[in-house]
Amino acid sequence: MKKIFSVAALSILICLGSCKKMVDEQPISQGTLKDFFRSKFDADAAIAGMYGEFQSTMIKGDGSQAENRITWWGEARSDNFERRVLYAQNTQNEIDFNGLTSNNTFSDWTFLYSTIGRANLLIKRLPEIKNYAAPGTAGELTLAQEASYTAQCYAIRGLCYFWIARLWGAAPVRTEPYLSISDNPEQARDPQEKVLQQAIDDLQKAYDLTVKNATPTVWYMGEGAISATMADVYMWKKDYTNAVIWLKNLFKAKAPTGKVYNIAGSVNTGTGGAAGDLQTGPTWNNQFVNPIGSVESIFYIHWDYISNGCACMAGVSVTTNNSPIRMAEGLWSSWRTTTTDFRMKQTYNSTGTAVAVRDANLWKFYPGTFTAAAGVTPYNFVTSSPAPTTATSLYVPVYRLSDMYLLYAEALNQLDDKANAVKYLNLIKVRAGLAPVLATDFADKRALETAILQERQYELVGEGKRWFDLVRTDRVIEVMDPIITARQTLAGSTITGWGTDKRKYYWPINRNVLNSNRLLVQSEPYNN
């Protein structure tokens, strides 16, 4: 894992932040750093490189097509997607049948640690800039700017550790950069709880350093994005009281439009929440094609075609080749009959019943006019114009308000506040054009949780959420066992279903990562 970069290579990688040639976490030689981090311009370039590394990790990996880890990690193992048999490789086959191995492309955590490495370096070096750039000069990094940049480094590092904890459980926690070729890169795994605590500690530091009530830039982690991530971490830990605290911190933050997300809901638990907090149903798609102009945008990845080339994301964007995955048959067949749901016709092509239509990629993230055609009752036959191409830039949400309102409903349900849980669930349902539900419709917490999870599946498909929802609520075996059993039956394989081993919620560690760090031990049961 130890690699040395020349000054030229480091400058190109950090300054451009192009996300095309990202590698493992790099120890940087003293010679490389000698002339760097001496001005605000150096800090700007390094911050761009850190965000670029995270962006590349989630959207494009090493530059190849169909390596959108936000989908492979967040949804491909769930009931949202399935392999297209004709184009499936071993990677997709393993995921489709829950047979993960350490050879799987997506079992490699290197990219996330590379982003962490950049954050570590920035946290270490940003305070040194004041020693070189004098006050009042063009290169000065003011104390306010240093605090803002440091906050974003802590926030991104916390977000990356949260992803690592959810995907691998136990993992090494590193908070210092590699500064010398003599630094030892080998480190054993820390317990999952320590990894999650590191995420919490980082996010708290980020929040404390961040200016409150400022209008954010949606591509950077500000007050709202930090609060949303922290709420997500506490939901994962099933600490619903703290999740509510951080959701209310989010509600008093501002959207990129300057509107406070939900000021009335930021005080008393369960209060607030209005249709005006959200993008309207008929314009639901606008938050994906113009997040800067949406009242519910929180934190997005901006994949610019001109800078980075085609996003070419498996299952969720236009690619130059056929996608190896597609929307799963169960979701396809059930959702498309819900003809009043504004989201369905703005998410994917629901034309007819042909499998070839389902093979088409989602158009959720693309601009266009969604026009219902005549004579296709009961389905909403829609077309997108202009048609998306590989030259279309994408804005992929990491967090937006609908996601957080549904998490809020889930937390309130767990805290025995059924009435307000239903209220926030209905905000999303009614916005989508669906009938509201009543608290009396649900016999118990689990029944209401099921309804909330169903709404999250429809609302957030393609956004990397479904798998984590199933794991967080311990629904994996319940949902996936019959699906994988059906896949095995169709393939003529031995019928094992998903199985009962919950240790398989987590990924194995990639063979290359194990070979580069002798202190790592493979996760059970993958070590058999």
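Conventions adopted
Residues numbered from 1 in each chain as written. Predicted model: local features only at pLDDT ≥ 70, side-chain atom pairs only at ≥ 80, totals over all residues. Heavy atoms only, no water. Helix = DSSP H or I, 4+ residues; strand = E, 2+ residues; numbered from the N terminus. Buried < 20%, exposed > 50% of the residue type's maximum accessible area, 1.4 Å probe, protein only. Contact = heavy atoms within 4.5 Å. Areas by Shrake-Rupley, 256 points an atom, 1.4 Å probe, with all protein chains shown as cover. Salt bridge = Lys/Arg side-chain N within 4 Å of Asp/Glu carboxyl O. Axes fitted to C-alpha atoms, helices over the stretch in contact; angles between N-to-C directions. Parallel < 35°, antiparallel > 145°, perpendicular 65-115°, else oblique. Left-handed = near helix turned anticlockwise from the far one by under 90°. Disulfide = S-S within 2.5 Å. Polar contact = N/O pair within 3.5 Å; in protein donor to acceptor, adjacent residues only side chain to side chain. Nonpolar A, V, L, I, M, F, W, Y, C, P; charged D, E, K, R; others polar. Phe/Tyr/Trp six-rings, centres within 6.5 Å; stacked < 30°, edge-to-face > 60°. Lys NZ or Arg CZ within 6 Å of the ring centre and 35° of its normal. Expected span 1.5 Å × (residues − 1). Pairing = 2+ DSSP bridges.

A. Spatial organisation of the overall build of the chain. Helix and strand counts for the chain stand at 21 helices and six strands. Evaluated residue by residue, the chain yields a buried proportion of 59% over its 528 residues. Sequence separation of at least 24 residues holds for 71% of the intrachain contacts in the chain that already meet a minimum separation of 6. With the model as given, the accessible surface of the chain reaches about 19500 Å², and the carbon-plus-sulfur share is 54%.

B. Examining the pattern of salt bridges more closely. Counted under the stated rule, the structure contains 38 salt bridges. Across the pair Arg 431 and Glu 459 runs a salt bridge whose closest N-O atoms are separated by 3.0 Å. Taken together, the residues span a long stretch of sequence, with Arg 431 in helix α17 (residues 418-431) and Glu 459 in helix α18 (residues 445-460) at a distance of 28 residues. The same class applies to Arg 431 and to Glu 459, which are both buried.

C. Representation of the packing of helix α16 (residues 401-414) against α17. Relative to each other, α16 and α17 sit at 155°, their axes nearing to 7 Å. Put simply, α16 runs roughly antiparallel to α17. Our pair here, α16 against α17, has a crossing hand that is left-handed. Residues Ser 402, Tyr 405, Leu 406, Tyr 408, Ala 409, Leu 412 and Asn 413 of α16 form the contact with α17, whose participating residues are Asn 420, Ala 421, Tyr 424, Leu 425, Leu 427, Ile 428 and Arg 431.

D. View of the state of the cysteines. According to the stated counting rule, one finds one disulfide in the structure shown. The side chain of Cys 310 participates in a disulfide bridge whose partner is Cys 312; the two sulfur atoms lie 1.9 Å from each other. Looking along the S-S bond of the Cys 310-Cys 312 disulfide, the torsion reads about 115°, which is the right-handed sense. On the basis of relative accessible area, Cys 310 is assigned to the buried category, the value being 12%. By relative accessible area, Cys 312 is classed as buried at 3%.

E. Layout of the environment of Asn 80. Mapped onto the secondary structure, Asn 80 falls in the loop between α4 (69-74) and β1 (81-83). Note: C-alpha distance between Asn 80 and Met 327 (247 residues apart in sequence) is 5.8 Å. Excluding its chain neighbours within four sequence positions, the residues that come into contact with Asn 80 are Glu 75, Arg 326, Met 327, Ala 328, Leu 331, Gln 457, Val 461 and Arg 466. In this structure the side chain of Asn 80 is engaged in a polar contact, spanning 2.8 Å, whose partner is the side chain of Gln 457.

F. Main features of the packing of helix α3 (residues 40-59) against helix α7 (residues 143-168). Closest axis-to-axis distance for the α3/α7 pair is 11 Å, and the angle between their directions is 20°. Our classification of the angle between α3 and α7 gives roughly parallel. Once α3 is placed against α7, the crossing between them reads as left-handed. Facing α3, whose interface residues are Lys 40, Ala 43, Asp 44, Ile 47, Met 50, Tyr 51, Phe 54 and Met 58, α7 presents Gln 145, Tyr 149, Gln 152, Cys 153, Ile 156, Leu 159, Cys 160 and Trp 163. When grouped by side-chain class, the residues that make up the contact of α3 with α7 number twelve nonpolar, two polar and two charged.

G. Highlighting the packing of aromatic side chains. A complete count under the given rule lists 23 aromatic pairs for this structure. On the basis of an interplanar angle of 80° and a centroid distance of 5.7 Å, the ring pair of Trp 73 and Trp 168 is categorised as edge-to-face. Pair noted here: Trp 73 is in helix α4 and Trp 168 is in helix α7, with a separation of 95 residues, a long-range link. Across the pair, exposure class does not vary: Trp 73 and Trp 168 are buried alike. Measuring from centroid to centroid gives 4.8 Å for Tyr 408 and Tyr 424, while their planes differ by 80°, and the two rings are edge-to-face. Within this pair, whereas Tyr 408 is found in helix α16, its partner Tyr 424 is found in helix α17, the two being separated by 16 residues in sequence. For Tyr 408, a relative accessible area of 0% puts it in the buried group. A residue is classified by how much of its surface remains accessible, and Tyr 424, at 0% relative accessible area, is buried. The structure contains a cluster of three or more aromatic residues connected by ring pairs, namely Trp 73, Trp 109, Tyr 113, Tyr 161, Trp 163, Trp 168, Trp 236 and Phe 468. A cation over an aromatic ring shows up here: Arg 166 above the ring of Phe 162, its NZ or CZ 3.9 Å from the ring centre.

H. Region of interest: the side chain of Gln 152. Structurally, the position occupied by Gln 152 is in helix α7. When near neighbours in sequence (up to four residues on either side) are disregarded, Gln 152 contacts Met 50, Tyr 51, Tyr 220 and Met 221.

I. Representation of the environment of Leu 179 within the structure. Its location among the elements puts Leu 179 in the loop between α7 and α8 (192-209). Residue classification places Leu 179 among the buried residues on the basis of a relative accessible area of 16%. Sequence separation between Leu 179 and Leu 121 is 58 residues, and the spatial gap between their C-alpha atoms is 8.4 Å.

J. Broad picture of the side chain of Arg 466. Mapped onto the elements of the fold, Arg 466 is located in helix α19 (residues 466-472). Judged by its relative accessible area of 8%, Arg 466 is buried. Among residues more than four places away in sequence, those in contact with Arg 466 are Gly 74, Glu 75, Ser 78, Asp 79, Asn 80, Leu 453, Gln 457 and Val 479.

K. A look at α17. Across its 14 residues, α17 extends 20 Å between first and last C-alpha, which sits within 8% of the 20 Å expected from 1.5 Å per residue. The element α17 is largely enclosed, with a buried count of ten among its 14 residues. Along α17, the residues classified as buried are Asn 420, Ala 421, Val 422, Tyr 424, Leu 425, Asn 426, Leu 427, Ile 428, Lys 429 and Arg 431.

L. Geometry of the pairing of strand β6 (residues 394-400). Within β6, six of the seven residues are buried, which leaves the element mostly enclosed by the surrounding structure. Bridging between strand β2 (residues 297-303) and β6 involves six bridges; their strand directions are antiparallel. Paired with Ile 301 across the bridge in β6 is Val 396.

M. Focus on unusual backbone geometry. Pro 525 follows Glu 524 through a cis peptide bond whose omega is 5°. Looking at where Pro 525 falls in the secondary structure, it is placed in the segment after α21 (511-516). For Asn 98, which is not glycine, the phi torsion reads 55° and is therefore positive. Along the chain, Asn 98 falls in the loop between α5 (90-96) and α6 (110-125). In this structure, Asp 416 takes a positive phi of about 65° despite not being glycine. Among the secondary structure elements, Asp 416 is positioned in the loop between α16 and α17.

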